Amino acid sequence: MANEPTTPKSMSYPTDGDSTYPVQDIAAAWERERPGTPVTSIGIVTPIWRLAKLLGDDRRRVLAQAGVDAATLDLLSVLRRSGEPYMLSTRELSRRSLVTAGAISQRVARAERDGLVTRRPGQGRPRTVLVSLTRAGHDLVETTVDQVLGREAELIGGLTPEQQSHLTELLRLLLQQVQHRLGDDRISHVGDE
């Protein structure tokens, strides 16, 4: 029949509404109410959205306890990952952070006001601004990165190392394919425009 559900048996969802995994209930309800509705993406996209929210909320709590916001940590992290002397131009910071020049300018001004970075004119090209980590910025990123990444390692610790590796590769492939289909290769934080 043309209106029968098209979900493969290995992906079929219970229809009793008592599932401990609400994603199954969502897919089952669509199958029941609109037979033939493509529901296989629900089992992937919905958990990704829920995980993004849970992980984002948890990261914000960890950062709040550390006394730093996500944008500042991103700026400091980009500088720290660049290696010694922990200095980049604002143009390079914008490129590596995947945010606009205006956003970088605001981040740098806020971090400079807090004593976490310094900025100075670059040599050779007019309007080039170089941004460097201060000792305080370096210390803050060292401590905070350990807190954030340690917490996130704890949260995914229910998966074996092999499962984590497999999931990492699957997510990399999915991200590349979705970016290609959308014609958008930018990476941004959840909820950013």
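Preceding this paragraph is the structure being described.
To start, this report covers the structure provided alongside it. These figures come from a predicted structure and were not determined experimentally.

**Some remarks on the overall build of the protein**
- Along the backbone of the protein there are seven helices and three strands.
- Its helices and strands taken in sequence order, the protein reads α-α-α-β-α-α-β-β-α-α from the N to the C terminus.
- Every one of the 193 residues in the protein was classed for burial, and the buried ones make up 27%.
- Sequence-distant contacts in the protein: of pairs separated by 6 or more residues, those separated by 24 or more amount to 49%.
- A total accessible area of about 13400 Å² is found for the protein, and carbon and sulfur atoms account for 55% of it.

**Things to note about the sheet that holds strand E3 (residues 129-133)**
- Strand order in the open sheet formed by three strands is E1-E3-E2, with antiparallel pairing between adjacent strands. Two strands close off the open sheet at either side, each with one partner strand: strand E1 (87-89) and strand E2 (117-121). Averaged over all pairs of adjacent strands, the angle between their axes in this sheet comes to 25 degrees, without regard to strand direction.
- Where E1 lies against E3, three bridges are found, and the strand directions are antiparallel. Looking across to E3, one finds that serine 89 is bridged to leucine 130.

**As for the pattern of salt bridges**
- Counted under the stated rule, the structure contains 15 salt bridges.
- Note that glutamate 33 is salt-bridged to arginine 32, the shortest N-O span being 3.0 Å.
- On the accessibility criterion, glutamate 33 (54% relative accessible area) is exposed.
- A salt bridge links arginine 60 to aspartate 57, with the nearest nitrogen and oxygen atoms 2.5 Å apart. Of this pair, arginine 60 and aspartate 57 are both found in helix H2 (residues 42-66), three residues apart, which corresponds to roughly one turn of the helix.
- A cluster of three or more residues bridged by salt bridges with shared partners is formed by Asp58, Arg61, Arg151 and Glu154.

**What about H2?**
- For H2, spanning 25 residues, the distance from its first C-alpha to its last is 35 Å, which sits close to the expected 36 Å at 1.5 Å a residue.
- Of the positions making up H2, those classed as buried are Ile42, Pro47, Gly56, Asp58, Val62 and Leu63.
- In this fold, the buried residues of H2 make contact with helix H1 (22-33), helix H3 (70-81) and helix H6 (135-155).
- Of the residues trailing H2, glycine 67 is marked for its positive phi of about 80 degrees.

**Quick look at the environment of valine 78**
- With respect to the secondary-structure elements, valine 78 resides in helix H3.
- When the C-alpha atoms of valine 78 and serine 97 are compared, they prove to be 7.0 Å apart, with 19 residues separating the residues in sequence.
- Apart from residues no more than four positions distant in its own chain, valine 78 is found in contact with Leu88, Leu93, Arg96 and Ser97.

**Focus on the pairing of E3**
- Within E3, four of the five residues are buried, leaving the element largely enclosed by the surrounding structure.
- Pairing between E2 and E3: five bridges, direction antiparallel. Its bridge partner being in E3, arginine 119 is matched across the sheet by valine 131.

**Quick word on the nonpolar core**
- Core analysis: the biggest nonpolar cluster contains 22 residues, and Leu75, Leu76, Leu79, Leu93, Val108 and Val117 have the highest contact counts within it.
- Counting residues per element, the ones that place at least two in this core are H2, H3, helix H5 (101-113), E3 and H6.
- If you tally residues by element for this core, the top one is H3, at five residues.
- The residues touching leucine 93, leaving out its near neighbours within four places in the chain, are Leu75, Val78, Leu79, Leu88, Ile104, Val108 and Val131.

**Considerations on unusual backbone geometry**
- Here the residue pair glutamate 84 and proline 85 is connected by a cis peptide bond, since its omega of 10 degrees sits within 30 degrees of zero.
- Here proline 85 lies in the loop between H3 and E1.
- Here tyrosine 86, not a glycine, exhibits a phi torsion of approximately 55 degrees, which is positive.
- Position of tyrosine 86 among the secondary structure elements: in the loop between H3 and E1.
- Judged by its relative accessible area of 16%, tyrosine 86 falls in the buried class.
- Despite not being glycine, leucine 98 has its phi angle at roughly 60 degrees, a positive value.
- One can find leucine 98 in the loop between helix H4 (90-97) and H5.
- Take leucine 98: its relative accessible area is 42%, and that puts it in the partly exposed class.

Conventions used here
- Per chain, the residues get numbers from 1 upward, laid out in the order the sequence is written.
- Local features in a predicted model are, by the rule used here, given only for residues with pLDDT of at least 70; side-chain atom pairs are given and counted only at 80 or more, and totals for whole chains, interfaces and linings are based on all residues.
- Hydrogens and water are ignored here; the side-chain numbers use all heavy atoms of the structure.
- Each helix is a run of DSSP H or I of at least 4 residues and each strand a run of E of at least 2, with the numbering of both proceeding from the N terminus.
- Burial status follows relative accessibility: with a 1.4 Å probe on protein chains alone, a residue under 20% of its type maximum counts as buried, one over 50% as exposed, and anything between as partly exposed.
- Should any heavy atoms of two residues lie within 4.5 Å, those residues are considered in contact.
- We get accessible surface area from the Shrake-Rupley algorithm with a probe of 1.4 Å; when it comes to residues, only the shown protein chains can shield them.
- For two strands to count as paired, DSSP must find a minimum of two bridges between them.
- Between N-to-C directions, angles cover 0 to 180 degrees, with each direction set by a line fitted to C-alpha atoms, over the stretch in contact for helices.
- In what follows, salt bridge is the name for a side-chain nitrogen of Lys or Arg lying within 4 Å of a carboxyl oxygen of Asp or Glu.
- Each helix should span, by expectation, one fewer than its residue count multiplied by 1.5 Å.
- In this text, buried Ala, Val, Leu, Ile, Met, Phe, Trp, Tyr and Cys residues form a nonpolar core when linked through side-chain atoms within 4.5 Å.

Nothing here speaks to function; it is all geometry.
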